[in-house]
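For reference, the chains in residue letters:
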Amino acid sequence: MRDAVAVPLAWSVFLAVLAAMLWVWSPGDELAIALLGGAAVGAALSGFALALGARRTTERRSWVLPDLSPATSLLAIAISVVLIGLEAGQWLIWIGAGLLGFGVLGLVRELRLGRRRR
Amino acid sequence: MTTVEHPSRAASAQRAIVIEAFAGTDHKRVAQRLAVTAFLFFLAAGVMALLMRSELAEPGMQLVSRNTYNQLFTMHGSLMIYVAITPLALALGVYFAPLQVGAAEIFAPRLALAGYWLLLAGGLTMCSGFLTSHGAARVGWTAFDPLSNSVNTQGTGMDLWIFGVILAAAGGTVLAICVLGTILARRAPGMSMFRIPVFSWSMVVTCLMVVMSFPVLVLAMALLYADRRFGGVFNGTGGAVAYQHLFWFYGHPVVYVMFFPFVGVVAEVVATFSGKRFFGYRAIVLSLLLFAAISMSVWAHHMFATGQVRNQYFSLTSMLLVLPAGIEYFDMIATMIGGAIVLRTPMLFAVGFLIQFLVGGLSGIFVASPPLDYHVHDTFVVVAHFHYTLFAGSVFALFAAVYYWFPKVTGRMLGEGLGKLQFWLVVVGANVTFLPMFFLGHDGMVRRIADYSPGTGWQHLNEVATLGSYVIGVSMVVFLVNVFRSLRHGRAAGNDPWAGHSLEWATTSPPPRHNFDRLPPIRSFAPLLDLREHRRPEQATT
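To keep things clear, this report deals only with the structure shown in the data block. Since we're looking at a predicted model, the values are computed, not measured.

Counting from both sides, the interface comprises 43 residues of chain A and, opposite them, 56 residues of chain B. Note on chain A versus chain B: buried area summed over both sides is about 4300 Å², and carbon and sulfur give 77% of it. Contact with chain B buries area across many residues of chain A, yet W11, W25 and E87 of chain A alone supply 17% of it, more than any other trio. Viewed at the interface, chain B and chain A are joined by three salt bridges. Between R187 of chain B and D3 of chain A there is a salt bridge, and its shortest N-O distance comes to 3.4 Å. Run the count over chain A and chain B and you get 14 residue pairs in polar contact (both at pLDDT 80 or more). Where the side of chain A that touches chain B is concerned, the elements lending two or more residues are α1 (2-25), α2 (30-59), α3 (70-88) and α4 (90-117) of chain A. Across the side of chain A that touches chain B, the residue classes tally to 31 nonpolar, seven polar and five charged.

Next comes the structure, spelled out in structure tokens:
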């Protein structure tokens, strides 16, 4: 997986060069420089995260893959309901929060079961 | 002897199907659900386009009110970009990237499932604006501030649109993380980065762009909502320009998110149907990485007319895009040269993509030049340009992908006759619709208008464009007939009906839950072609 780490890092170098060019060309354009520079930093960070993940994956070789995860679907739907509740009213936020609670509990249960099976 | 199924067993089987559809984490099922959902949004957005074209066919208001027309063009663009073409591109990655790199499963399958639900919720939330008293959002898919603030655009439809965009962008981001993680961290033994197929490389750069740019859209939408609710976020000229920077930092990369996966598809199709190894593999990989990086730095060419950006820099980077694009075109054409080309439907669509996209790409060079952009800004020239890239380009490649991979996904071949009929209808429809728009725009017809004066002389070209859009509509009906007929009566495909080059053709059609029972040796980016070339000399000697 080490060769994969080079991909986001190389990409971050490309972006950093382009951001530096923008900075030289247009030093007063702070927001534009921050956006492009931020993307370069983000790409570099994802490269480092990948390198870190690679080390952990070699340490922990097996994991259980879920076939079904109703809790995940519930969580995603709950997040959407809460967000729409900001417009529709507090009643919908409460319903979304309830679903979110069920989703989190279900996910914890799924993860525990998975760990037991490993 | 006939077997009678016990009613309770049938009921439990039905229940299992429902639960699987709701919560199944298999990447292939998630991708299928995503593709079907996105295609339904695509059809809905297409119907809106037909309504708009019908309205524009003649001067005067015939079909819809001006307010409804504004909602139609806003929702057409929004559905197409946020919840149709982008998710369709990602769905291809979710399904085929794990197969191409020899992975048993996608990285973080629960996250992929969540991504699907967020995207679906995003699309439905956007559309729910039609049910509100003020109607759906009506400020264009870009929602520029101050047009989109609470003073100029009242009603909950606009707020629902903002939430829909946030959900869709969040869904797209998590799906991209899953695909990227799979390619970078879940590859089969022997599958080094320089052995992954071109399509998977195109997904790597696509997902990098998604991960870096989509969160900025979420931020822009959150700020827009705060501005509408509390005010004081995007104030004055500076605020309007700041919003545009944030929006276009997503808005331009997303064009490439809807392009790179399809370049990858066309590369696979061209190599397979030319019976040749892809030409210039390393060159296209490096050009994709460079292309993606440069295309992250061109966003402000959409803002030339504001007078608030450094035009020279953004014009230069926009022009630089022709270099990697040229390498890709060169590689694909060189792959075909000297090949045993078989013109089946996927190849027709792939060649169609190369020709049609060229029109969009070349007209892009003109609008990347500030003086020319000032002339055509906000006219139908721009509409023609991006429809040549997104419809006449990406959608052609999308159909190449559908005809190419349908046998792998379903185990059945799509009908060739109907496929070719659809191809020619789309060629005629796309060009008859979008080519007149260049002339209309050059003549001064601005975009986003519901009506024009009879004295402008634009009626004939608008009639032609409307006729073309109906032909596109007919082509979609032909496609749907082909899909439903083939699902029932299509010829069985077998594992590798096209003599493909990459690993997805080494497994059954459709693939099992764990993707592969065994993998062939991986010594290049075309392991199945290696296997065939290795066998041939042996067969000759025995």
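Residues and elements named next belong to chain B. Enumeration according to the criterion identifies 53 aromatic pairs over all chains in this entry. Taken together, the ring pairs connect Y82, W141, F144, W161, F214, F234, Y243, F247, W248 and Y250 into an aromatic cluster. Directly above the ring of Y116 sits R33, whose terminal nitrogen or CZ lies 5.6 Å from the centroid. The cationic tip of R282 hangs over the ring face of F194; the distance from NZ or CZ to the ring centre is 4.1 Å.

Okay, the nonpolar core next. Ranked by size, the top nonpolar core spans 212 residues in total, and within it W11 and L36 of chain A together with Y82, W161, W201, M221 and W299 of chain B carry the most contacts. With 21 residues, the top contributor of residues to this core is helix α3 (residues 66-100) of chain B.

This next bit is on a nonpolar patch on the surface. Residues and elements named next belong to chain B. Taken together, the side chains of M319, V322, L323, L358, L362, I365, F366 and L372 present a nonpolar region at the surface, about 680 Å² in accessible area. Among the elements that make up the nonpolar patch, the one with the highest residue count is helix α13 (residues 345-367) (four residues). Relative to the helices and strands, V322 is located in helix α12 (residues 322-336). The exposure class of V322 is partly exposed, given its relative accessible area of 38%.

A word on the pattern of salt bridges. Evaluation of the coordinates by the stated rule reveals 14 salt bridges over all chains. Here E416 of chain B and K420 of chain B are joined by a salt bridge, their closest N and O atoms 3.5 Å apart. Taken together, the positions of E416 of chain B and K420 of chain B, both in helix α16 (residues 416-442) and four residues apart, correspond to about one turn of that helix. The structure contains a network of salt bridges with shared partners spanning D67 of chain A together with D26, K28, E105 and R513 of chain B.

This next bit is on helix α4 (residues 109-128) of chain B. Helix length check: α4 of chain B, at 20 residues, gives a terminal C-alpha distance of 29 Å against a target of 28 Å (1.5 Å per residue), a fit within 8%. Of all 20 residues making up α4 of chain B, 15 are buried, and the element is well covered by its neighbours.

It is worth spelling out the side chain of N482 of chain B at this point. Residue and element names in this part refer to chain B. Locating N482 in the fold gives a position in helix α17 (residues 459-489). Polar contacts involving the side chain of N482 include one to the main-chain amide nitrogen of G415, which spans 2.9 Å. Not counting chain neighbours up to four residues away, the residues in contact with N482 comprise Y403, L414, G415, L418 and G419.

Time to look at the packing of helix α10 (residues 281-295) of chain B against α12 of chain B. Residue and element names in this part refer to chain B. Packing of α10 against α12 leaves a shortest axis separation of 9 Å and a crossing angle of 150°. In terms of orientation, α10 lies roughly antiparallel with respect to α12. Crossing handedness for the pair α10 and α12: left-handed. Note on element contacts: α12 touches α10 through P324, A325, I327, E328 and D331, opposite A283, I284, S287, L288 and F291. Of the residues that constitute the contact of α10 with α12, the class distribution is seven nonpolar, one polar and two charged.

Cut-offs and rules
Residues numbered from 1 in each chain as written. Chains lettered and ligands numbered in written order. Predicted model: local features only at pLDDT ≥ 70, side-chain atom pairs only at ≥ 80, totals over all residues. Heavy atoms only, no water. Contact = heavy atoms within 4.5 Å. Buried area = accessible area lost by both parts, 1.4 Å probe. Salt bridge = Lys/Arg side-chain N within 4 Å of Asp/Glu carboxyl O. Polar contact = N/O pair within 3.5 Å; in protein donor to acceptor, adjacent residues only side chain to side chain. Helix = DSSP H or I, 4+ residues; strand = E, 2+ residues; numbered from the N terminus. Nonpolar A, V, L, I, M, F, W, Y, C, P; charged D, E, K, R; others polar. Phe/Tyr/Trp six-rings, centres within 6.5 Å; stacked < 30°, edge-to-face > 60°. Lys NZ or Arg CZ within 6 Å of the ring centre and 35° of its normal. Core = buried A, V, L, I, M, F, W, Y, C linked by side-chain atoms within 4.5 Å. Buried < 20%, exposed > 50% of the residue type's maximum accessible area, 1.4 Å probe, protein only. Patch = residues over 30% accessible without salt bridge, like charges linked within 9 Å, V, L, I, M, F, W, Y side chains within 5 Å. Areas by Shrake-Rupley, 256 points an atom, 1.4 Å probe, with all protein chains shown as cover. Expected span 1.5 Å × (residues − 1). Axes fitted to C-alpha atoms, helices over the stretch in contact; angles between N-to-C directions. Parallel < 35°, antiparallel > 145°, perpendicular 65-115°, else oblique. Left-handed = near helix turned anticlockwise from the far one by under 90°.

Keep in mind that these numbers describe shape and distance, not what the molecule does.
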